[in-house]
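# Survey of secondary and tertiary structure
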Amino acid sequence: MSQNPCITSRALSRRSFLRAGAATAVALGSAALLPGVASAEGEGIPASPHIDITQPSSDLFRSKMLHESHHVMQGFAFDNVNRRLFVVQARNGTSGDDLCINQLSFSGELLGSMHVDHAGHGVSIGVEPVGTSSYIWMECDADGTTTDARGTALARFKFVNGGTPSVKKFLTGSKTITCATDPVYQRIAVRRSEGGRMWYSVFPLAGAAAGDFSKPLVHFPQPALSTTSVVFQGYTILGSSLYTLDGSGHADAADIDSYVTRIDMNTGLVADRDITRAGSTLVYREPEGLAVYRTADDETRLFLGFGSRSSMDNVNRYANLFYKNVLVNA
C-alpha cells in the first residue's frame, strides 16, 4: 500500500431507529435466527424490491482460471456503468495477505490484473465507477502476514492494469473491516468488528468517497444463525436488503451446506434464508463472495461465487459465477 495521508472518519453519530420487536425466530428450512433482539440504527433506507433467494440459479461461467492459478477466488464486484467485473484472490508465492485484483470479461476471460500488498483476505470488495474509470474499494493494512490476516482500514484506488495503487485510506484503526457496494442505489456497506461482534453500516457512496462516514443510513449487528457450522463467505447489498453467503468446501458434491441469507437492513433481522445448490457438481465446491449487477436490459441479478478444482489433487483453482434474477417488489 502507498503511504498517502490517511483520511479518517469522524465518530459515528445518529438518532436511534428501532423497528425490531422482541426476539424473533424465523424458521426457513433448517435454519432460524438464534434468540436475541436485533436492531438497526440510523435514518433508515426506503423499502425496495429484493431478490427471491429461494429460486434456482443460472450460470454466468464455470471453471475459469484467474491470474494467480493456485488460489481460490474471494470477493468480487461489478462496475455497472462501464460493464466490468473484478475478482480478488491471494497471490501465488506470498504469505497470504498480498492480494491480486483480476478484471474479467463476463465470459470469465482474464482482461487485466493489479497487485495490492499487505491488504488482508479479500472476503468482499466494492467498485465505484468514476467516468470511464473503475475505483476499487477493499480492505488494507492487514493485521498480520498470513491467510488469517484481516484489514484494519478501507482502501480506495483506481484500477490500472499492471499498475501500483495510489491509495486513499478510510476508517483506519478498524478491526476485520471489509466493504461491499450497491451499484443500483449507489451505496456502500462496511462490515467490521465492534465490541467482539460484527456490525454493518451503510453510507451513500458519494459521501464515503469524500471521506464522510459520520452518519450511517443504518447500523446493525450481524444476526446469528442456527446452522451448525457457519463459515462466513461474503456479502452484498441491494436497496434495503443485505445478502450473506456462508458454507464450506467439500470434495463430495453431495455435501451441500452453502446458504444465502437476506437481511432487512431497517430491522437487522433475517427475512429469508435458503440453501443454494448452484454449481453442485463442481469438484471441491466452496462458496466465495456475493455481488449485485443490473444488466443493460434492466435485469437485476444477485451473483454467487464458488471456487473449484478440476480434481482433488490438482493445485490449480478455478472461479465460477452463478446468479439469481427473480425480483420481488417491496
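To keep things clear, this report deals only with the structure shown in the data block. If you're wondering where the values come from, they're calculated on a predicted model, not measured in any experiment. (Residues numbered from 1 in each chain as written. Predicted model: local features only at pLDDT ≥ 70, side-chain atom pairs only at ≥ 80, totals over all residues. Heavy atoms only, no water.)

Read from one edge to the other, the open sheet built from 4 strands follows the order β11-β12-β13-β14, with strand pairing classed as antiparallel. Each end of this open sheet is capped by a strand with a single partner; those strands are β11 (178-182) and β14 (218-221). Each strand axis lies, on average, 20 degrees off the axis of its neighbour in the sheet, ignoring direction. Taken together, the 4 bridges between strand β13 (residues 197-204) and β14 define a ladder with antiparallel strand orientation. The residue bridging Trp-199 from the neighbouring strand is Pro-221, located in β14. (Pairing = 2+ DSSP bridges. Helix = DSSP H or I, 4+ residues; strand = E, 2+ residues; numbered from the N terminus. Axes fitted to C-alpha atoms, helices over the stretch in contact; angles between N-to-C directions.)

Before going further, it helps to examine the side chain of Asn-102. Checked against the element boundaries, Asn-102 lands in strand β5 (residues 99-104). Among the residues examined, Asn-102 registers a relative accessible area of 0% and is labelled buried. From its side chain, Asn-102 meets the backbone nitrogen of His-67 in a polar contact 2.8 Å long. (Buried < 20%, exposed > 50% of the residue type's maximum accessible area, 1.4 Å probe, protein only. Polar contact = N/O pair within 3.5 Å; in protein donor to acceptor, adjacent residues only side chain to side chain.)

In the structure shown here, the tally under the stated rule is 14 aromatic pairs. Pairing Phe-76 with Phe-78 gives two aromatic rings, centres 6.3 Å apart and planes at 80 degrees, and the pair type is edge-to-face. Taking the centre distance of 5.4 Å and the plane angle of 70 degrees together, the rings of Tyr-200 and Tyr-235 count as edge-to-face. Here Tyr-200 is found in strand β13, whereas its partner Tyr-235 is found in strand β15 (residues 232-238), with 35 residues between them in sequence. Judged on exposure class, the residue Tyr-200 and its partner Tyr-235 are both buried. In textbook terms, an aromatic cluster arises when at least three aromatic residues are bridged by ring pairs, as seen for Phe-76, Phe-78, Phe-106, Tyr-293, Phe-303 and Tyr-323. Here Arg-156 stacks its cationic end above the ring of Tyr-135, 4.3 Å away from the centre of that ring. Arg-191 extends its terminal NZ or CZ atom over the ring of Phe-232, reaching a point 3.6 Å from the ring centre. (Phe/Tyr/Trp six-rings, centres within 6.5 Å; stacked < 30°, edge-to-face > 60°. Lys NZ or Arg CZ within 6 Å of the ring centre and 35° of its normal.)

Here we come to unusual backbone geometry. Phi at Ser-63 is positive, roughly 55 degrees, even though this residue is not glycine. Assignment of secondary structure puts Ser-63 in strand β2 (residues 58-64). Taking relative accessible area as the criterion, Ser-63 reaches 44% and is therefore assigned partly exposed. The phi dihedral of His-118 falls on the positive side, at around 50 degrees, and the residue is not glycine. When its relative accessible area of 31% is taken as the criterion, His-118 is described as partly exposed.

Limitation: the analysis is restricted to geometry and does not speak to function.
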